[in-house]
Amino acid sequence: MNDAWNAMRSGAPHLPHDPDLKTRRARCRELLWRYNTQTPPGDHAAQQALLRELFGELPAGVHITPPFYCDYGRGIEFRGAFYANSGCTILDGGPVTIGDGVLFAPNVALYTVGHPLHPALRRATWEHTAPITIEDDVWLGGGVIVLPGVTIGAGSVIGAGSVVTKNIPANSLAVGNPCRVLRATTDADREQYAAWHIRAESNP
């Protein structure tokens, strides 16, 4: 594999204009153009075929409402069922892992890519990456931004508009910019649906 790809995936400094990286991004843009603009909304089979081409392996139950944007596609790993509402952006130069039962509201963004603080290094177009992990049963509210290097623990909920700069423990309700944990989610949160006679069968 190309040295720039390996460097990018490992988090080492790299130059995004490397020919191999440019070719990979061009392939991704072509597939996204077809997915976002050329596939009828009701043609589920065609949509899934394009997602498999974009991501490679694709578990059952992965659904992404167009428009969707990413840099490479092959930098994203799905561990199970996943739904993203419209406007999702994933900058997947670094590894992105998304667990089972994860929900994204509209306009969620995951950014694995960072730039140098010093302007001379930015002018030279250096970049670096850090992985993002979204564990099982996480719900990200509308407009949530997740920054490089963050892990969001299983069962957590991130409030709309939050900017997640640090790891979030499992089973947490967290909000804000920067995002902070408000409290743990507990069995008491099941009562929200009690008036509709709906109860979960098991703990998150």
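Above this text is the structure in question.
Okay, so let's go over this structure. (Residues numbered from 1 in each chain as written. Predicted model: local features only at pLDDT ≥ 70, side-chain atom pairs only at ≥ 80, totals over all residues. Heavy atoms only, no water.)

Points about the sheet that holds strand S1 (residues 62–64)
Pairing is mixed across the open sheet formed by seven strands, whose spatial order is S1-S4-S7-S12-S15-S17-S18. Each of the sheet's edge strands pairs with one partner strand only, and the pair in question is S1 and strand S18 (180–184). Two strands pair when backbone bridges link them, and strand S4 (residues 82–84) and strand S7 (residues 102–104) are joined in this way by three bridges, in the parallel orientation. For Tyr 83, the partnering residue across the bridge sits in S7 and is Leu 103. (Pairing = 2+ DSSP bridges. Helix = DSSP H or I, 4+ residues; strand = E, 2+ residues; numbered from the N terminus.)

Notes on the side chain of Gln 48
Position of Gln 48 relative to the elements: it lies in helix H3 (residues 44–55). Residues within four places of Gln 48 in sequence aside, it is in contact with Leu 58, Val 62 and His 63. (Contact = heavy atoms within 4.5 Å.)

Let's talk about the packing of aromatic side chains
Summed over all chains, the structure comprises six aromatic pairs. On the basis of an interplanar angle of 75° and a centroid distance of 4.9 Å, the ring pair of Phe 55 and Phe 78 is categorised as edge-to-face. Of this pair, Phe 55 sits in helix H3 while Phe 78 sits in strand S3 (residues 76–78); the two residues are 23 residues apart in sequence, bridging distant segments of the chain. Pair check on accessibility: Phe 55 and Phe 78 agree, each one buried. (Phe/Tyr/Trp six-rings, centres within 6.5 Å; stacked < 30°, edge-to-face > 60°. Buried < 20%, exposed > 50% of the residue type's maximum accessible area, 1.4 Å probe, protein only.)

Side note on the nonpolar core
Soluble globular proteins tend to bury their nonpolar side chains together. One finds Ile 64, Phe 68, Phe 104, Leu 110, Leu 140 and Ile 152 to be the most contacted residues of the largest nonpolar core, which totals 38 residues. When residues no more than four places from it in sequence are discounted, the contact partners of Ile 64 are Tyr 35, Leu 51, Phe 55, Phe 78, Phe 82 and Ala 84. Within the second largest apolar cluster, five residues are counted, among which are Ala 4, Met 8, Leu 21 and Tyr 72. (Core = buried A, V, L, I, M, F, W, Y, C linked by side-chain atoms within 4.5 Å.)

Quick word on the pattern of salt bridges
This structure, assessed with the given rule, holds four salt bridges. Between Glu 77 and Arg 79 there is a salt bridge, with the nearest N and O atoms lying 2.8 Å from each other. Classification of Glu 77 as partly exposed rests on a relative accessible area of 38%. (Salt bridge = Lys/Arg side-chain N within 4 Å of Asp/Glu carboxyl O.)

Quick word on the sheet that holds strand S11 (residues 132–134)
On the basis of which strands lie adjacent, the open sheet formed by four strands has the order S3-S6-S11-S14 and parallel pairing. Either end of the sheet is taken by a strand with one partner, and the two such strands are S3 and strand S14 (151–152). Sheet topology note: the strand S6 (residues 96–98)/S11 ladder contains three bridges and is parallel. Bridge pairing in S11 places Thr 97 opposite Thr 133.

A short note on the packing of helix H1 (residues 3–10) against helix H2 (residues 19–38)
Running from N to C, H1 and H2 cross one another at 75°; their axes reach a closest spacing of 7 Å. As the angle between them shows, H1 and H2 are arranged roughly perpendicular. Note on element contacts: H2 touches H1 through Asp 20, Leu 21 and Arg 24, opposite Ala 4, Trp 5 and Met 8. Residues of the contact of H1 with H2, tallied by class, amount to four nonpolar, no polar and two charged. (Axes fitted to C-alpha atoms, helices over the stretch in contact; angles between N-to-C directions. Parallel < 35°, antiparallel > 145°, perpendicular 65-115°, else oblique. Nonpolar A, V, L, I, M, F, W, Y, C, P; charged D, E, K, R; others polar.)

A look at H3
In an α-helix, one full turn covers 3.6 residues, which means residues spaced three or four apart are oriented alike. The end-to-end C-alpha distance of H3, which contains twelve residues, comes to 16 Å, matching closely the 16 Å that a straight helix rising 1.5 Å per residue would cover. Among all positions in H3, only Gln 47, Gln 48, Leu 50, Leu 51, Leu 54 and Phe 55 are buried. Here the buried residues of H3 occupy an arc of 160° about the axis, which is enough to place them on one side. Gly 56, located one to two residues past H3, shows a positive phi value of around 90°. (Expected span 1.5 Å × (residues − 1). Arc of directions from axis to C-beta.)

Quick look at the side chain of Thr 97
Following the sequence through the fold, Thr 97 ends up in strand S6. Filtering out sequence-adjacent residues up to four positions away, Thr 97 remains in contact with Glu 77, Arg 79, Ile 132, Thr 133 and Ile 134.

Structural notes on unusual backbone geometry
The omega torsion across Pro 66 and Pro 67 is 0°, close enough to zero to call that bond cis. By secondary structure assignment, the location of Pro 67 is in the loop between S1 and strand S2 (68–70). Along the chain, Asn 177 connects to Pro 178 via a cis peptide bond; the corresponding omega equals 0°. Turning to its location among the elements, Pro 178 is positioned in the loop between strand S17 (172–175) and S18. Positive phi is not limited to glycine here, since Asn 107 has a value of about 65°. Residue placement: Asn 107 occurs in the loop between S7 and strand S8 (109–111). Look at Asn 107 and you get partly exposed, because its relative accessible area is 48%.

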